[in-house]
Amino acid sequence: MSFVKVPKISGSAANSSDQAPYWTKLPDRKITWVAYLLFLMGGGGCLGFHRFYLGYKKSAKIQLALGVSVLFLPFLTGWNLVLEVLYHVALVWYFVDIFLIPKMVREANGTLIMDDR
């Protein structure tokens, strides 16, 4: 009985060629209803959970800070003109986000991860 020896191909040997792979890896697909669910769970979008999920980290942090200030500062300082302006800015931003979520999901799903070359 004779056995045939098959050489093992390691992952580093397979990637050592100069040819680019014929495929590109897509990031995890984002789902619109999950973004809307996070929008609702985050106080109607005031905490920016949906933006964190979709990868908009900078605007999510701003929305989180704005939401926390609008929700908790009235208990500490009372209602004043600055909080009223912040409240209206936050309200407009959250209302606009309802319509921006599908576009943000499409953009998040449209980005490709570049291969290490």
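Structure shown above.
Definitions and cut-offs
- Residues numbered from 1 in each chain as written.
- Predicted model: local features only at pLDDT ≥ 70, side-chain atom pairs only at ≥ 80, totals over all residues.
- Heavy atoms only, no water.
- Helix = DSSP H or I, 4+ residues; strand = E, 2+ residues; numbered from the N terminus.
- Buried < 20%, exposed > 50% of the residue type's maximum accessible area, 1.4 Å probe, protein only.
- Contact = heavy atoms within 4.5 Å.
- Arc of directions from axis to C-beta.
- Axes fitted to C-alpha atoms, helices over the stretch in contact; angles between N-to-C directions.
- Parallel < 35°, antiparallel > 145°, perpendicular 65-115°, else oblique.
- Left-handed = near helix turned anticlockwise from the far one by under 90°.
- Nonpolar A, V, L, I, M, F, W, Y, C, P; charged D, E, K, R; others polar.

Caption draft 1: Region of interest: the overall build of the protein chain. Of regular secondary structure, the protein chain possesses five helices and zero strands. Secondary structure elements of the protein chain occur, N-terminal to C-terminal, as α-α-α-α-α. Here the protein chain holds 117 residues, and the buried ones make up 23% of them. Sequence-distant contacts, at least 24 apart, represent 58% of the contacts inside the protein chain between residues at least 6 apart.

Caption draft 2: How the structure looks around helix H2 (residues 32–41). When H2 is considered as a whole, its buried residues turn out to be Val34, Ala35 and Phe39. Across the axial projection of H2, the buried residues extend over an arc of 145 degrees, all falling on one side. The exposed residues of H2 that point more than 90 degrees off its buried face are Trp33, Leu40 and Met41. One or two positions beyond H2, positive phi appears at glycine 43, with a value near 75 degrees.

Caption draft 3: Molecular detail of the packing of H2 against helix H5 (residues 81–110). Contact geometry of H2 with H5 gives a least axis separation of 9 Å together with a crossing angle of 155 degrees. In terms of orientation, H2 lies roughly antiparallel with respect to H5. Two packed elements cross with a definite hand, and for H2 against H5 that hand is right-handed. Contact residues: Thr32, Ala35, Tyr36 and Phe39 in H2; Tyr94, Asp97, Ile98, Ile101, Pro102 and Val105 in H5. Counted by class, the contact of H2 with H5 contains eight nonpolar, one polar and one charged residues.

Caption draft 4: A look at the packing of helix H4 (residues 57–77) against H5. The contact between H4 and H5 brings their axes to 10 Å, and the two run at 140 degrees. Here H4 is positioned oblique relative to H5, judged by the angle of their axes. The two elements H4 and H5 cross, and the hand of that crossing is left-handed. From H4, Ser59, Ile62, Gln63, Leu66, Gly67, Ser69, Val70, Leu73, Pro74 and Thr77 reach across to H5, where they touch Leu83, Leu86, Tyr87, Val89, Ala90, Trp93, Tyr94 and Asp97. Split by residue class, the contact of H4 with H5 holds 12 nonpolar, five polar and one charged.

Honestly, that's just the spatial picture; any functional story needs more than this.
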